[in-house]
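One-letter residues, chain by chain:
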Amino acid sequence: MASWIAELQEIVGKEDVLTDPERLLAYECDGLSLHKHPPAAVVFPESAEEVVGIVKVLWRHRVPFLARGAGTGLSGGAVAVDGGVILELARMNRILEIDYANRLAVVEPGVINLMLTRAVADAGYFYAPDPSSQMACTLGGNVAENAGGPHCLKYGMTVHHILGLDVVLPNGEVVTLGGHGTDAVGYDLLGLFIGSEGTFGIVTKITVRLTRRPQAVKTLLADFLSIEDASRAVSAIIAAGILPSALEMMDRATIEAVEASVYAAGLPTDAAAVLLIELDGLAVSVEYEAERVVELCRANGARQVIVARDETERARLWAGRKGAFGALGRINPDLMVQDAVIPRSKLPEVLPEVYRIAARYGLRMANVFHAGDGNLHPNICFDGRDSDEVRRVKEACREIMELCVRVGGTLTGEHGIGLDKIAYMSLVFTDDDLEAMARVRAVFDPEGLCNPGKVLPMRRCRAF
Amino acid sequence: MTLREADRVERELVAIVGEANVLRPAPEAYAIDDRRPSLVVFPETSEEIAAVLRLAHARELAVVPMGSGRRLSFGNLLERVDILLSTRRMTRILEYEPADLTASVEAGCTLMAFNRVALPHRQWLPFDPPDADRATLGGIAAVDDFGPLRHGYGRPRDAVIGLEVVQADGTRIRAGGRVVKNVTGYDLNKLFVGSFGTLGVLVRVNFKLRPYPEAEATTLFFDSEWERLESGARQILQSELLPAALMLVNEEAMSALLPDHPRKALLARFLETAPAVVYQMERAKALARSLSLELVELKDEASRSIWEKLGRLHRLLPTDLRLRLSVLPAHTVEALCAGERALDETLARLHILAQPGTGIVHIGGELTSAEERTLSSVVQAIHHLRRTWAAHRGRVIVEHAPPEIKRRVDVWGDVGASLPLMRALKHAFDPKRILSPGRFVAGL
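None of the values given here were measured: they were computed from a predicted structure. (Residues numbered from 1 in each chain as written. Chains lettered and ligands numbered in written order. Predicted model: local features only at pLDDT ≥ 70, side-chain atom pairs only at ≥ 80, totals over all residues.)

**Focus on the overall build of chain B**
Part 1 of the reasoning: A count of helices and strands for chain B gives 15 helices and 19 strands.
Part 2 of the reasoning: Its C-alpha radius of gyration of 22 Å places chain B within 12% of the 22 Å reference for a compact globule of 444 residues.
Part 3 of the reasoning: Taking the principal axes of the C-alpha coordinates as reference, chain B spans close to 70 × 60 × 40 Å.
Part 4 of the reasoning: The buried share of chain B, reckoned over its 444 residues, is 57%.
Part 5 of the reasoning: Taking the intrachain contacts of chain B between residues at least 6 apart in sequence as the baseline, contacts between residues at least 24 apart amount to 69%. (Helix = DSSP H or I, 4+ residues; strand = E, 2+ residues; numbered from the N terminus. Rg over C-alpha atoms; globule rule 2.2 N^0.38 Å. Buried ≥ 20, exposed ≤ 12 C-beta atoms within 10 Å, placed from the backbone. Contact = placed C-beta atoms within 7 Å.)

Here it is, written out as C-alpha cells:
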C-alpha cells in the first residue's frame, strides 16, 4: 500500500478512503460513458480543513488528484486519467448562510443545485442556473463547469451568479477569489476560475447570488411541421427584441421518446419540432410579450401554440423537457449527449446538416436543446458494446464540431472540454491561444497535479 | 529613454504606422497624472499594434494602451510611460448580425457610435460608465467600467464574449468567440477584462447585446433623511419591480442634475415594455404616498437626459477626488454616511452617488486646499474607511486623485491572499513589465 494512502486514512479515517478496485468502478466514468478510467483511490472529506490536509499529502507525494461532485458531467471531466485520487465532495453539502438582504447564500460545494433553490423558494428567491441535471448535480460541479441550463438565455451562466469562492490551490494553500458579495480588486480570478474544469484547484466554499422570483411566468408550447420553421421562429423572437427566460427546441425523435416515458407531457408526436418558450417578468410585460410570441410563431408556420394554463401544466411541460435525456437513455444502451454552440441565426442552416451527418453514419439522433442561445445538444443513441458503432459516433461528432466551428460557433456551451473534446481544441484555437491558456493553468497548478489530462491537449510533453 | 534612443524609436514607429501617426513630443493633453509619455502612436490595425509591441518588448519600453483617455488616471502612478498607444483609428464595427444579438468591434469603436448603429434594430449595449459620451468599447472592457445600469444589466465583464489581444511580446491571441454561451477552454476574457492594460492590448471585443427597451421613465423620490429613502429603495428591491438602475443622490449632486430640486433623492429608472413602465410608475407613486416621499416623474428624453448628466457629474461639479466604495448592498447607506463623515472636512461640494442594489458608492468633491494638511487628512480618511469596512468585506478604491495623493496611498487597497496568483499572472503575460507598469494592484 502506498504510504500516502495511510496518510489520507489518518486524515479522514479508514472507511473514507476507498481503494477496493470493485468499489472504485463506480468512479471510473462520469455521465459520459465513453471514457472509463478507474481512480487509484476515492477520499471523502467532510470539511475544508480535510481537503487542505488531503491535497497537501498528495502534493507532497506528487500524486495527481481531482474533485468530484455528483459525477453528472458530460465531458469526461470528473475521471482520474492516470491513477489519480478523487476527492468526493458530496458530503460537504451544508448551506452555511442565507442572506436575503444582500441576496446571497453561502454553501459548501456538495450542495445539490435544486436543493438551494428549494431552500430559498418560500422567501420568493431562486438560484438561476438550472442545468437539466439540477436534481442531482452539485454547485461545486456547476462552478467547475460553468454550468448553464435552459434559463441562462435570460439569466446567464453560473459565472454570472457566483460572488465568491474559497479555493484550495493544488499546493494546499487556501485563497479567496471574489469579494463574496462585494467587488474584489485586481484581476478577475473568480471569473477565470469558474469553468476551469477542476484544473485550478478545489472549491470548498461558494457564495452565490440569489435571484428574486419574477412576478409572472408564462410557458408556451408551439409545434411545427418542419425544423426549419421552428428555427426561423427562434430567430424571429430574438430579432423582435424579446428575451424569453427560456427558448427550447425538441425534435420528433425526442418528443416520441418523452411521450413513451414517465415524463410524458402531452407533446404532439406528429410534430417535426416543438418550441418550449418561457417568458417571465412583470405580469403586464409577460402578457404583452406572449401575444407577440404567439404571432411570431404563427407567422413562421406554427401549427398550434398553447399556453400552459396553470403551474401544474407548466411543470408537466418542463418535466418533459428536463426528462428528455432520461427518456432517450431509457430506450438506448448508451447516449452521447453532444454539446455545441452556433450563432443563433445559423440554426435553420445548421440543423438539417447535423441530421444529414448522423444519417450518413447510420446513427439515430435526437435533438433537444437551448435554441435561444444557439446551444445545440445532438443526442446520439448507440450501443457501447458495438465498436463499429462507437467509431461512427466519434466520427460523426467530429463532423458536427467542424460544422459548428465553420459557421462561427464553438465546441461546447455548457458541458466543457473534459477529456472528450481535447482533440477538437485546435479547431477553435491557435497554438498561441492554447499556449496562453497553458500559462494560466501553470500559474494555478505549476506541477500539473490538479485534474491533469483535461481541457488542453498535450504537446511536446506539456499541456497546452 | 535617452534622446538618441527616442530618435531611433520614433523612426521605427514611423516605419510601422506612418509619420502622421506618431507624435513626439507628446502634447500636454496626453499627460497621465504628472507623467508625459515620450511618444504617442496611433496604429490602425492589430498587425500594427503587434509590430509596435514587438519593438517595445525588444527595447523594454513601457507601453500604455489608451482608448478615449477618459480613464487613464484611474490606477496607481505609472512607473514609466514611453509609448502611449491610442486605438483612436481603430473604430470599425467588424461584425454585427442583429438576429444573433452579438457584435464584434475594434477596440477604438465608441459606445455611442455602436449604439447608434444598433438602436434602429432595437438593440444596444447597456453600458453607462462615467463619460459614456466619449468612452471606447475597448476602454470599457479594459476597465470593466460600469455605471448605474450595472444594477439591471450587470457589468461589461458579463457581456464580453470574445477578445482579440496583442500580448506584450506582440503575439496575437483570441479568447472566447462570437457565441453567447461558451465554455471551450479557459475563459481568458475574464483575465483581460478589467486588467487595465497591464496584461495585453485589447484590439477587438465581441459583445452580447440586449434588446433596447420600448419605453423608459425615471421616478425621483425626495426626502431630507437617507433612512426614509433607503426604506423606499429596500421596498422597491423586495417588490416585483425591475428597475434598470437605482441610485441614491445627495443634495450637492442633485443641485447639478435638477437645479430645482437640490434635495436628497432616490432615482429609479425603468426600462421595459410600455405597459410595464406605466405599471411601475404607478407602483412607485403608491410607494411614495405610503412613505410620504415627494415625487417627480421624468419620461422618455427627460429620463434619459438626467442619467446622461449623472454620468458627467464629475464635469458638472469640481472633482479632484473620487472614491468608489464597494460594500454589501444592505450597508449602502451606512457606507455613504461613513464616507461623507470621513471626507466632510477635506472635500468641498461633496457629491454622492450610491447604488443600494449593488452596494457601489461614489463620493467625489473638490479638495478644500492643496496644503499638506489637507492631503494627509484625505489619505487618513481613505485608510480609515478601508480599515472600518474591511471587516464587512468592503473595499475602497481611489478612482481619481491628484498625483500628490496617489504618491501616498495605493489606489486599490489591499488585495489579500490572492496577490501571489496575480503577480504570477502578470509575470506569465508580461515578464518584462512593459504594459502599464505600476498602474495595477500592488504596483503590478
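**Overview of the pairing of strand E19 (residues 395–400) of chain B**
All names here are of chain B.
Part 1 of the reasoning: Among the 6 residues that make up E19, 5 are buried, leaving the element largely enclosed by the rest of the structure.
Part 2 of the reasoning: Note that strand E16 (residues 321–326) and E19 share 5 bridges and pair antiparallel. In the sheet register, Arg322 faces E19, and the bridge partner there is His400. (Pairing = 2+ DSSP bridges.)

**Focus on helix H2 (residues 46–59) of chain B**
Residue and element names in this part refer to chain B.
Part 1 of the reasoning: Here H2 is 14 residues long and its end C-alpha atoms lie 20 Å apart, about the 20 Å a rise of 1.5 Å per residue gives.
Part 2 of the reasoning: Among all positions of H2, only Ser46, Glu48, Ile49, Ala50, Val52, Leu53, Leu55, Ala56 and His57 are buried.
Part 3 of the reasoning: Glu60 occupies a position one or two residues after H2 and carries a positive phi of about 55 degrees. (Expected span 1.5 Å × (residues − 1).)

**Remarks on the sheet that holds strand E8 (residues 162–168) of chain A**
Residue and element names in this part refer to chain A.
Part 1 of the reasoning: Strand order across the open sheet formed by 5 strands is E5-E6-E10-E8-E9, with antiparallel pairing between neighbours. Each edge of the open sheet is held by one strand with a lone partner, namely strand E5 (95–99) and strand E9 (174–177). If you compare each strand with its neighbour and ignore which way they point, the axes differ by 10 degrees on average.
Part 2 of the reasoning: In the packing of helix H4 (residues 113–121) onto the sheet, contacts are made with E5 and strand E6 (104–107), and the angle to E5 comes to roughly 40 degrees. (Axes fitted to C-alpha atoms, helices over the stretch in contact; angles between N-to-C directions.)

**Regarding the interface of chain A and chain B**
Part 1 of the reasoning: With 68 residues of chain A in contact, the opposing surface of chain B contributes 63 residues.
Part 2 of the reasoning: Elements with a minimum of two residues in the side of chain A that touches chain B: E9, helix H7 (189–193), helix H8 (227–239), helix H10 (283–299), helix H15 (425–428) and helix H16 (431–444) of chain A.
Part 3 of the reasoning: Top contributing element to the side of chain A that touches chain B by residue count: H16(A), with 8 residues.
Part 4 of the reasoning: Residues of the side of chain A that touches chain B, tallied by class, amount to 30 nonpolar, 28 polar and 10 charged. (Nonpolar A, V, L, I, M, F, W, Y, C, P; charged D, E, K, R; others polar.)

**A closer look at the environment of A:Met249**
Residues and elements named next belong to chain A.
Part 1 of the reasoning: Within the secondary structure, Met249 sits in strand E13 (residues 246–251).
Part 2 of the reasoning: According to the C-beta neighbour criterion, Met249 is buried, with 28 such atoms within 10 Å.
Part 3 of the reasoning: Distance in space between the C-alpha atoms of Met249 and Gly372 is 8.6 Å, their sequence separation being 123 residues.
Part 4 of the reasoning: Residue contacts for Met249: discarding those within four places in its chain leaves Ala230, Ala273, Leu275, Asn367, Phe369 and Ala371.

**Considerations on the packing of H10(A) against helix H9 (residues 274–290) of chain B**
Part 1 of the reasoning: At their nearest, the axes of H10(A) and H9(B) sit 8 Å apart, and the two run at 170 degrees to each other. Viewed along their axes, H10(A) and H9(B) adopt a mutual orientation that is roughly antiparallel. The chirality of how H10(A) crosses H9(B) is right-handed. For the pair H10(A) and H9(B), contact is made by A:Val284, A:Ser285 and A:Tyr288 and by B:Pro275, B:Ala276 and B:Tyr279, respectively. (Parallel < 35°, antiparallel > 145°, perpendicular 65-115°, else oblique. Left-handed = near helix turned anticlockwise from the far one by under 90°.)

**Focus on the domain arrangement of chain A**
Residue and element names in this part refer to chain A.
Part 1 of the reasoning: Domain parsing of chain A yields domain 1 (3–88), domain 2 (95–212), domain 3 (215–331), domain 4 (332–423) and domain 5 (424–463).
Part 2 of the reasoning: Using C-alpha coordinates to define each centre, domain 4 is positioned 24 Å away from domain 5.
Part 3 of the reasoning: Listed per partner, the contact involves 12 residues of domain 4 and 8 residues of domain 5.
Part 4 of the reasoning: Split by residue class, the side of domain 4 that touches domain 5 holds 7 nonpolar, 2 polar and 3 charged. (Domains from an automatic or database assignment.)

**A short note on unusual backbone geometry**
Residue and element names in this part refer to chain B.
Part 1 of the reasoning: Residue Arg24 is joined to Pro25 through a cis peptide bond whose omega torsion reads 0 degrees.
Part 2 of the reasoning: Mapped onto the secondary structure, Pro25 falls in the loop between strand E1 (22–23) and strand E2 (39–41).
Part 3 of the reasoning: Of note, the phi angle at Arg122 is positive, near 55 degrees, even though the residue is not glycine.
Part 4 of the reasoning: By the element assignment, Arg122 lies in the loop between helix H3 (111–118) and strand E7 (123–124).
Part 5 of the reasoning: A count of 15 C-beta atoms within 10 Å places Arg122 in the partly exposed class.

**Thoughts on the sheet that holds E1(B)**
All names here are of chain B.
Part 1 of the reasoning: Spatial ordering of the open sheet is given by E1-E2-E4-E3, a layout of 4 strands whose pairing is mixed. Since the sheet does not close on itself, it has two edges, and those belong to E1 and strand E3 (63–66), each with one partner.
Part 2 of the reasoning: Of the strand pairs in this sheet, E2 and strand E4 (residues 83–86) are connected by 3 bridges, and their pairing is parallel. Looking at E4, one finds that Leu39 is bridged to Ile83.

**Quick notes on the packing of helix H1 (residues 3–12) of chain A against helix H3 (residues 48–60) of chain A**
Packed helices, taken two at a time, are described by the angle between their axes plus the distance between the axes.
All names here are of chain A.
Part 1 of the reasoning: In the contact formed by H1 and H3, the axes pass within 10 Å of each other and the chain directions differ by 170 degrees. It follows that H1 is roughly antiparallel to H3 by the angle criterion. For the pair H1 and H3, contact is made by Trp4, Glu7, Leu8, Ile11 and Val12 and by Glu50, Gly53, Ile54, Val57 and Leu58, respectively.

**Some details on the confidence of the model for chain B**
Part 1 of the reasoning: On average, residues of chain B score 97 in pLDDT, and 100% of them reach the 70 mark or higher.
Part 2 of the reasoning: Two summary scores accompany this predicted model of the complex, namely pTM at 0.97 and ipTM at 0.97. (pLDDT = per-residue confidence, 0-100.)

**What about the domain arrangement of chain B?**
Part 1 of the reasoning: Domain boundaries assigned for chain B yield domain 1 (3–86), domain 2 (93–211), domain 3 (215–311) and domain 4 (318–406).
Part 2 of the reasoning: On a C-alpha basis, the centroid separation for the pair domain 1 of chain B and domain 3 of chain B is 44 Å.

**Points about the environment of A:Val55**
Residues and elements named next belong to chain A.
Part 1 of the reasoning: Note on placement: Val55 falls in helix H3.
Part 2 of the reasoning: You can call Val55 buried: it has 26 C-beta atoms within 10 Å.
Part 3 of the reasoning: Separated by 11 residues in the primary sequence, Val55 and Leu66 have C-alpha atoms spaced 9.5 Å apart.
Part 4 of the reasoning: Those residues in contact with Val55 that sit more than four places away from it in its chain are Phe65, Val168, Pro170, Gly172 and Ile202.

**Remarks on the pairing of strand E10 (residues 202–209) of chain A**
Residue and element names in this part refer to chain A.
Part 1 of the reasoning: In terms of burial, E10 is a largely internal element, 7 of the 8 residues being buried.
Part 2 of the reasoning: Summarising the sheet, E6 and E10 pair through 4 bridges and their orientation is antiparallel. Across the sheet, residue Ala105 finds its bridge partner in E10, namely Val208.
Part 3 of the reasoning: Pairing geometry for E8 and E10, over 6 bridges, is antiparallel. For Asp166, the partnering residue across the bridge sits in E10 and is Lys205.

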